[in-house]
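# Chain and residue survey
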Amino acid sequence: MEDFRRTYLRLCKEGGVDPQESVLAQLQETRRAAAGSRLDLRGHSLSVDTCAVLGRVLHKDTLFTELALSDCMLTEEGAKLLLNGLCANTTVKVLDLKGNNLRSTGAEALGKLLVRNKTLCRLVLEWNALGMWEEAFSVFCEGLATNACLTQLDLRNNQINHQGASELCLALKRNSTLQELGQWVYVRWNNIGLLGGRSFLEALQQNRTLTHLEMAGNNIPSDTLKALEQAMDHNSDRQSTVRESRSRTQVLSKEIQILKEEKGRQFLSLMETIDKQRDEMGRSTRTTSIHVGQLQEALNERKSVVNSLTAKFQMTEAALAMSEQKNHNLGELLTRVKTEKDEQRERQSRERKKEQEDSALREGKLLREITSMSETNVQLKNKLEKMESRCKSQQDQIFELKQELTNSTAELKLRLAQAEERLEMEKKRSKQSLEDMNNLRQKEVDHVNRHLEESERALQDRILKLEGQRIQLEEELSRAKAACVTERAQAEEEQGKVRVQVRLEEQQRVSGLEEKLRGLRQSRDESQSHCSQQKQTIAELQARSGQQSIETDGLRRRIEELQQELSGKDQEKVAEVSRVRVELQEQMGHLQAERTAQGGLKEKIAALEREMKVLASNHREATLDKESEISSLFEKLRLREAEIQRMREDEAQRASFLQNAILTYVQGSPLHYSPKK
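Residues numbered from 1 in each chain as written. Predicted model: local features only at pLDDT ≥ 70, side-chain atom pairs only at ≥ 80, totals over all residues. Heavy atoms only, no water.

Within an unreviewed UniProt entry, the label attached to the protein chain reads Leucine rich repeat containing 45, and the organism entered is Oncorhynchus mykiss.

Encoded structure:
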């Protein structure tokens, strides 16, 4: 700490800069507090000269691992000088630049820092304005993409828009070491929006190491947030599976090492027994050589026998060498079998990952279709509101016509009132029919969504059960087959029932719409007949009152316009009914396509089950073959060892017989020559 203070004062003197008292006081406090690895300058306003001197000091500093410069009111030039000094630093791992209003020059300097610095692990950039200048932020993102040591990043409240988010996502696609954007690091309270959320989704499809992400306060819809959470869950599941696979490989390697050690011990024990036997044979040969040296004249005839025994001994040694070579080959075969097992497990894990990704894509497609259906419902509601506004305007016009017709005759008033009441009844009926249709449609959509969710949950449960029961497949093959047959039968029955229900509902809707059309036509005919009657009455009134002819002509023109409007409304209603039919047919087509897709998924699941069964049977057969080969080789080894033992016993017996014969010959020779003396 004292060396850092001295270098700071020396560089200030060399550069002709007055040392800042607040910096010196903070260095003195850190020395007293014995917090040697953290330089805390939070809340101290640093000038450009002070930043330049600190950058030069930190360029070669090896003391501090954490640098806190939050709320220091750094200028763009000062931040640039300070960050340029940190580019060559090799000890600082945590850098806090919160609340310094860094913009274009600061973002470019940060990009250069991320490119050149190889030790920085945590970077806090909260409450800055890095996203205001797109070019500078792109430079920062390029530095982030090339960085290989940063693990935590804080970009809260940096005014990042959707374009900046796309640049950040491109960096995340290329960077695989940034493991957290959450827990300690956030990208919250920016202006990323819907496009930025989608770009983050695309980035998460390529970056498999990002396991935590929080993006609250970014004007992102809830469905994209849910999709991001699902992607993060997939990444966390993937990381857990990788950890499990690593632990399994470690366990398998340990087991292989244990087996190798056991085999080495067995081989050493065999070699020790062979050495002992060789020592015993050497001892016996020494004793026999002593006796043979004493009795060379008597054993000249037995040299050929001894030579044959040595030849046999050499043959046994060659057989032992062959057995050792076979043991080595057996070890290599065992290692190959284990590697093949590991490769099969890795293939199965890859296939499962592919299935999970396919299921996620299908879920996204279903969500998009649901959103499109909701948009069509909103459009229909808007159209209904427009129709209601038009009907209200028409009611106002009819009311004005009533007031004008009251001056002419009471009979016209009564007939017009009846016509208006009928029109209102027809409008109410049309509104009610449209509302019923919308309700039915909404119920159908809810029913279909529930059915799809239930099917997806059932599929996910089945996949989890299959994964959990993979080890027990050998014992439960018959029960799994029966369960699959029953499930298929139930699924086919459910599909048949749903199809029958949908057809009946369609027929009922079509019949209801046809009845409504008939009622509308009858009401139109009645209105036309009433209009003709009104024309006759108007003609009689013209004959009776010549003074009111001008007013009646105007009324006739208005009545004709109303008739034209009524006919236009009828045509619009017919067009809307036809369009609703077409939409219902399209929805039915989509539902049938989804059902076919579900059937394809079920077939794929069955095919995967069959493949898993075939792989399990092949693996079982291969293991049985390998075990039989190993047992046969062990049996051959045992037989060879028995033969060697038997040969050794025979040689020992022969040596003992020779020794006994020689002894008897030596003992009997003086008795044989005693009479001659």
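## Some details on the overall build of the protein chain
In terms of helices and strands, the protein chain carries 13 helices and five strands. Intrachain contacts of the protein chain at a sequence separation of at least 6 include 85% that bridge at least 24 residues. Split by element, the accessible area of the protein chain, about 43100 Å² in all, is 52% carbon and sulfur. (Helix = DSSP H or I, 4+ residues; strand = E, 2+ residues; numbered from the N terminus. Contact = heavy atoms within 4.5 Å. Areas by Shrake-Rupley, 256 points an atom, 1.4 Å probe, with all protein chains shown as cover.)

## Section: the sheet that holds strand β1 (residues 38-40)
Read from one edge to the other, the open sheet built from five strands follows the order β1-β2-β3-β4-β5, with strand pairing classed as parallel. Two strands bound the open sheet, and with one partner strand each, they are β1 and β5 (152-154). Averaged over neighbouring strand pairs, the angle between their axes works out to 5° when direction is ignored. (Pairing = 2+ DSSP bridges. Axes fitted to C-alpha atoms, helices over the stretch in contact; angles between N-to-C directions.)

## Points about the pattern of salt bridges
Counting across every chain of the model gives ten salt bridges. R38 is the salt-bridge partner of D40, the closest N and O atoms lying 4.0 Å from each other. The class for D40 is buried, based on a relative accessible area of 15%. Residue class for R38 comes out partly exposed when judged on its relative accessible area of 25%. Note that E635 and R638 form a salt bridge whose closest N and O atoms lie 2.0 Å from each other. Separated by three residues within a single helix, E635 and R638 lie in helix α13 (residues 549-673), roughly one turn from each other. Here the salt bridges do not stand alone but share partners, grouping R38, D40, R42 and E66 into one network. (Salt bridge = Lys/Arg side-chain N within 4 Å of Asp/Glu carboxyl O. Buried < 20%, exposed > 50% of the residue type's maximum accessible area, 1.4 Å probe, protein only.)

## Considering helix α6 (residues 134-146)
Because the α-helix completes a turn every 3.6 residues, residues three or four places apart line up on one side. Relative to the 18 Å expected for 13 residues at 1.5 Å per residue, α6 spans 19 Å between its end C-alpha atoms, a close match to the ideal helical length. Here α6 has its buried residues at A136, F137, S138, F140, C141, G143, L144 and A145. (Expected span 1.5 Å × (residues − 1).)

## Digging into helix α5 (residues 104-116)
The terminal C-alpha atoms of α5 lie 19 Å apart, and with 13 residues this matches the ideal 18 Å at 1.5 Å per residue to within 8%. For α5, the complete set of buried residues consists of G106, A107, A109, L110, G111, L113 and L114. Buried residues in α5 make contact with α4 (76-86), β3 (94-96), β4 (122-124) and α6.

## Let's talk about unusual backbone geometry
In this structure, M73 is a non-glycine residue whose phi angle is positive, near 55°. Looking at the secondary structure, you find M73 in the loop between β2 (66-68) and α4. The backbone of N101 sits at a positive phi, close to 55°, despite the residue not being glycine. Among the structural elements, N101 can be located in the loop between β3 and α5. Its relative accessible area of 42% is what places N101 among the partly exposed residues.

## Remarks on the nonpolar core
Within the largest apolar cluster, 65 residues are counted, with the highest numbers of intra-cluster contacts made by F140 and F200. The leading source of residues in this core is α6, at six residues. When residues no more than four places from it in sequence are discounted, the contact partners of F140 are A107, L110, G111, L114, L123, L125, L153 and L155. The next biggest cluster of nonpolar side chains, apart from the first, holds seven residues, and it includes L366, V498, V502 and L591. (Core = buried A, V, L, I, M, F, W, Y, C linked by side-chain atoms within 4.5 Å.)

## Side note on the packing of aromatic side chains
Each pair of aromatic rings is reported with the distance of its centres and the angle of its planes. Applying the stated criterion across every chain yields a total of two aromatic pairs. Note on F4 and F64: the rings are 5.0 Å apart at their centroids and 90° apart in plane angle, and the pair reads as edge-to-face. Linking F4 in helix α1 (residues 2-15) with F64 in the loop between α3 (48-59) and β2, this pair joins segments that are 60 residues apart in sequence. A relative accessible area of 1% means that F64 is categorised as buried. Here F137 and F140 contribute two aromatic rings whose centre-to-centre distance is 5.8 Å and whose plane-to-plane angle is 35°, an arrangement assigned as tilted. A residue pair is termed a helical-turn pair when its members lie 3 or 4 positions apart in one helix, as F137 and F140 do in helix α6 at three residues. Each member of the pair, F137 as well as F140, carries the same accessibility label: buried. (Phe/Tyr/Trp six-rings, centres within 6.5 Å; stacked < 30°, edge-to-face > 60°.)

## So, the side chain of S199
Looking at the element boundaries, S199 is found in helix α8 (residues 193-206). For S199, a relative accessible area of 10% puts it in the buried group. Once you skip the residues sitting within four places of it in the chain, S199 turns out to touch A165, S166 and C169.

## Notes on a positive patch on the surface
Together, R198, R362, K365, R368 and K604 line one region of the surface with positive charge. Relative to the helices and strands, R362 is located in helix α10 (residues 303-408). By relative accessible area, R362 is classed as partly exposed at 30%. (Patch = residues over 30% accessible without salt bridge, like charges linked within 9 Å, V, L, I, M, F, W, Y side chains within 5 Å. Lys, Arg positive; Asp, Glu negative; His and termini not counted. Charge placed at Lys NZ, Arg CZ, Asp CG, Glu CD.)

## Notes on the side chain of E126
Tracing the backbone through its elements, the reader meets E126 in the loop between β4 and α6. A polar contact of 3.3 Å, which involves the side chain of E126, links it to the side chain of W127. A polar atom in the side chain of E126 sits 2.8 Å from the side chain of R156. In this structure E126 touches L97, K98, G99, D154, R156, N157 and N158, once residues within four positions along its chain are discounted. (Polar contact = N/O pair within 3.5 Å; in protein donor to acceptor, adjacent residues only side chain to side chain.)

## Thoughts on the environment of S104
Along the chain, S104 falls in helix α5. Given the relative accessible area of 23%, S104 is considered partly exposed. Through-space distance from the C-alpha of S104 to that of E134 is 8.4 Å; in sequence the pair is 30 residues apart. Apart from the residues within four sequence positions on either side, S104 is in contact with E76, W133 and A136.

## Topic: the confidence of the model for the protein chain
For the protein chain, per-residue confidence averages 80 on the pLDDT scale, and 89% of positions sit at 70 or higher. The model gives residues 179-185 a pLDDT under 50, and that stretch makes 26 contacts with residues more than four places away or in other chains. Low pLDDT (under 50) marks residues 670-677, which in the prediction has zero contacts with non-local residues, meaning those over four places away or in another chain. (pLDDT = per-residue confidence, 0-100.)

## A few points about the packing of α6 against helix α7 (residues 162-174)
Where α6 meets α7, the closest approach of the two axes is 8 Å, and the angle between their N-to-C directions is 15°. Here α7 runs roughly parallel to α6, going by the angle between their axes. The two elements α6 and α7 cross, and the hand of that crossing is right-handed. Where α6 approaches α7, its residues E134, F137, S138, C141, L144, A145 and T146 are matched on the opposing element by Q163, G164, E167, L168, A171 and R174. Broken down by class, the residue content of the contact of α6 with α7 amounts to six nonpolar, four polar and three charged. (Parallel < 35°, antiparallel > 145°, perpendicular 65-115°, else oblique. Left-handed = near helix turned anticlockwise from the far one by under 90°. Nonpolar A, V, L, I, M, F, W, Y, C, P; charged D, E, K, R; others polar.)

## Observations regarding the packing of α7 against α8
The N-to-C vectors of α7 and α8 enclose an angle of 5°; their axes lie 8 Å apart at closest approach. The orientation of α7 relative to α8 falls into the category roughly parallel. Side by side, α7 and α8 meet where H162, A165, S166, L168, C169, L172 and K173 of the first sit next to L195, G196, S199, F200, E202, A203 and Q206 of the second. For the contact of α7 with α8, a count of residues per class yields seven nonpolar, five polar and two charged.

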